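Here is how the chains run, residue by residue.
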Amino acid sequence: MRIDAGVGVHMRRVMFLGIGVSLVLASVACRKPVGTLEAAEEALGIASMRSLEYSGTGQWFQFGQAPSPNLPWPPFDVSRFSAAISYDPPSARVEIVRRQKLEPPRVRPTPVEQRVMQFVNGSAAWNLVVPAGAPAGSPPVPQPQPASVDERMMEIWTTPQGFLKAARANGALSEPASGGSTVSFVVAGKKYVGTIGPQSYVEKVQTWVDTPVLGDTLVETVYSDYKDFAGVMFPGRIFRTQGGHPVLDITIAEVTLNPAVDIRVPDQVKAFAPPPAQVNVQALASGVYYMTGANAHTVAIDQSDHIAVIEGPANEARSLAVIAKIKETIPNKPIRYVINTHVHFDHSGGLRTYVDEGATVVTHQMNRPYFDQAWAAPRTLNPDRLAQSKKPPKFEEVTERLVLTDKNRNIEIHSIANSGHNDAFLMVYLPKEKILVEGDAFTPGTIDAPPPAVPNPYTVNLNENIERLKLDVRLVAALHGPRVTTMAELRSAVGVQSGATKAR
Ligand SMILES: [Zn+2]
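**Topic: the coordination of the zinc ion**
Every protein donor of the zinc ion is accounted for by His 342 (NE2), His 344 (ND1), His 421 (NE2) and Asp 440 (OD), and the metal-donor separations fall at 2.0 to 2.1 Å. Geometry at the zinc ion is irregular, judged from its 4 donor atoms and the angles of 91 to 164 degrees they form at the metal. Of note, the zinc ion draws all its donor residues from one chain, in the sequence arrangement H-x1-H-x76-H-x18-D. No difference in accessibility class separates His 342 from His 344, as the two residues are buried.

**Here's the deal with helix H6 (residues 316-329)**
Its 14 residues place the ends of H6 20 Å apart at the C-alpha level, agreeing with the 20 Å of an ideal helix rising 1.5 Å per residue. Restricting attention to buried positions, one finds in H6 the residues Glu 316, Arg 318, Ser 319, Val 322, Ile 323 and Ile 326. Axial view of H6: buried residues confined to an arc of 145 degrees, hence all on one face. Residues of H6 that are exposed and point over 90 degrees away from its buried face: Ala 317 and Glu 328. Contacts from the buried residues of H6 go to strand S16 (288-292), strand S17 (298-302), strand S18 (307-310), strand S19 (335-339), helix H8 (351-356) and helix H10 (385-389). Where H6 begins, the side chain of Asn 315 points an oxygen toward the backbone nitrogen of Ala 317, at a separation of 3.3 Å.

**Remarks on the packing of aromatic side chains**
Tallying each qualifying case throughout the model produces 14 aromatic pairs. When the ring of Trp 60 is compared with that of Phe 76, the centres are 5.1 Å apart and the planes differ by 85 degrees; the resulting orientation is edge-to-face. Pair noted here: Trp 60 is in strand S2 (residues 51-61) and Phe 76 is in strand S3 (residues 75-87), with a separation of 16 residues, a long-range link. When the centroid spacing of 5.3 Å and the interplanar angle of 15 degrees are considered together, the rings of Phe 185 and Tyr 192 count as stacked. Tyr 192 matches Phe 185 in its accessibility class, with the two residues each being buried. An aromatic cluster of three or more residues is present, and its members are Tyr 370, Phe 371, Trp 375 and Phe 395. A cation over an aromatic ring shows up here: Arg 98 above the ring of Trp 60, its NZ or CZ 3.7 Å from the ring centre. The ring of Phe 76 has Arg 98 sitting right over it, with the charged end atom 5.9 Å from the ring centre.

**Points about the environment of Val 247**
Among the secondary structure elements, Val 247 is positioned in strand S14 (residues 245-257). Sequence-wise, Val 247 and Val 213 are 34 residues apart; in three dimensions their C-alpha atoms are separated by 16 Å. Other than its neighbours up to four places away in sequence, Val 247 contacts Gln 59, Trp 60, Phe 61, Phe 63, Trp 73, Arg 240, Thr 241 and Gln 242.

**Comments concerning the pairing of strand S20 (residues 360-364)**
In terms of residue burial, S20 counts as a mostly covered element, since 5 of its 5 residues are buried. Where S19 meets S20, 3 bridges bridge the pair, whose relative direction is parallel. Note that in S20 the partner of Tyr 337 across the bridge is Thr 360.

**Concerning the environment of His 480**
Secondary-structure assignment places His 480 in the loop between strand S26 (475-478) and strand S27 (485-486). Leaving out residues up to four positions away in the same chain, His 480 has contacts with Asn 295, Ala 296, His 297, Asp 346, His 347, Asp 440, Thr 443 and Pro 444. Polar contacts involving the side chain of His 480 include one to the side chain of Asp 346, which spans 3.4 Å. In terms of polar contacts, His 480 uses its side chain to reach the side chain of Asp 440, at 3.0 Å.

**Description of the sheet that holds S20**
Taken in spatial order, the 7 strands line up as S15-S16-S17-S18-S19-S20-S21 in an open sheet, and their pairing is mixed. If you trace the sheet from one side to the other, it starts and ends with strand S15 (280-285) and strand S21 (395-398), each paired once. Strand-to-strand twist of the sheet, defined as the mean angle between neighbouring strand axes without regard to direction, takes the value 20 degrees. As paired strands, S15 and S16 are joined by 5 bridges and run antiparallel to one another. Opposite Ala 285, over in S16, you have Val 288 as the bridge partner. Contacts from H6 reach S15, S16, S17, S18 and S19, with the element oriented near 150 degrees to S16. In the packing of helix H9 (residues 367-374) onto the sheet, contacts are made with S20 and S21, and the angle to S20 comes to roughly 130 degrees.

**With respect to the side chain of Glu 412**
Positionally, Glu 412 belongs in strand S23 (residues 411-415). One polar contact links Glu 412 to His 414, side chain to side chain, over a distance of 2.7 Å. Dropping the residues within four chain positions of it, Glu 412 is found in contact with Arg 401, Leu 402, Val 403, Met 427, Val 428, Tyr 429, Pro 431 and Leu 471.

Parameters and conventions
- Residues numbered from 1 in each chain as written.
- Predicted model: local features only at pLDDT ≥ 70, side-chain atom pairs only at ≥ 80, totals over all residues.
- Heavy atoms only, no water.
- Donors = N, O, S within 2.8 Å, 3.2 Å for Na, K, Ca; no water.
- Tetrahedral: all angles 85-135°; square planar, octahedral: opposite > 155°, others 65-115°.
- Buried < 20%, exposed > 50% of the residue type's maximum accessible area, 1.4 Å probe, protein only.
- Helix = DSSP H or I, 4+ residues; strand = E, 2+ residues; numbered from the N terminus.
- Expected span 1.5 Å × (residues − 1).
- Arc of directions from axis to C-beta.
- Contact = heavy atoms within 4.5 Å.
- Polar contact = N/O pair within 3.5 Å; in protein donor to acceptor, adjacent residues only side chain to side chain.
- Phe/Tyr/Trp six-rings, centres within 6.5 Å; stacked < 30°, edge-to-face > 60°.
- Lys NZ or Arg CZ within 6 Å of the ring centre and 35° of its normal.
- Pairing = 2+ DSSP bridges.
- Axes fitted to C-alpha atoms, helices over the stretch in contact; angles between N-to-C directions.

Below is the structure:
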């Protein structure tokens, strides 16, 4: 590359450490110019660093689960955050102990402490999880998380030291910028851009991940308050945003240089092959199909000349599997509507595939501007079908109530008012079949589980809404959980005896 200082452009391509470069480095005894990649490598002790462990406390935020389309991701207090990273070959273990933070007056279930143990090594990612229903004190077992590999590797390369190591190994471009430099490179097809400040510390790292709702999603980590932690310079604060809102804010208490980090891929994880997508179909009534088989479910309704679908969860892969099953179950009719209960990403990540199918999205009017903005974002990392077809999304907005009428049946869509779970929250009622479809307000447990000792406030609120609207419900098709249930069970879950008609 031509270097022309005369026009003030000063870009260098950092070379792999070849023999020539090593000789140059060895012969340079003086300090590197401040704010450069070389100075940052020296300041952060890259040459002798093989592994790093750091820990602290602060906050974690649940990405994609904002209680309103206008609010940030909900906060959790983190009583322990610990990361152990080995840089070559890259592997990491992250442990987080967290508890949801209540933000009165929003009413939520009483928070419980969650302990999350996440691992990555090369192309394998897994969690250690105590199996649900296991006796107290049971040891955690590895649970493969193949979809998390990219994100966890990204977390390694966005640490200050990881960023500098990856910059060196991947021919980074470096450009002077406000007393320091901007350094950029690509690893595994993913772009990283970092800012080295005038003190030669890595101050900020940006990268982009694909998320089904937001498309190319900026992940920005800001490092501040650098200190000497027993021989290693490390930021005292790590602050990360993803999709425009905070996801992590940790104050670092302790850093260990070159700890032994031995993260082996468990045999169960090595042997794991993801099962093929499964869509189970259960007819709840004539023409009403409950489609399960993944985390969140879908209901397909056979109308006279079209199909109406309730919920497009997860992502495009799930939508393609469900749409194929819908077409097999209800042949030769177009999907005209997809009703979205709320914007939480596990419930809305598959909507765009239905839009590409030609469906109109029916959602709460508060969600419309959110989807308009989110869906206009670039999708270069993983272009979905809608990104390719560029069909303009069509919306039908709901405030309190909307009825989709048809010769076969009416589909009533109601707002779930005053729910702590979400401020733009819909449920669907089929008066002819007396079926209620709802997500996250009531999720039944296993068939033999007793009703909760303390009623879930979201379910209490759902029951109040059902009574307020005088809906005569027979079956409840929850969009999470193992089975369809009854109104009697919903009432019993909120402490009302079966058959009782009065609210608590
Ligand atoms: Zn939700």
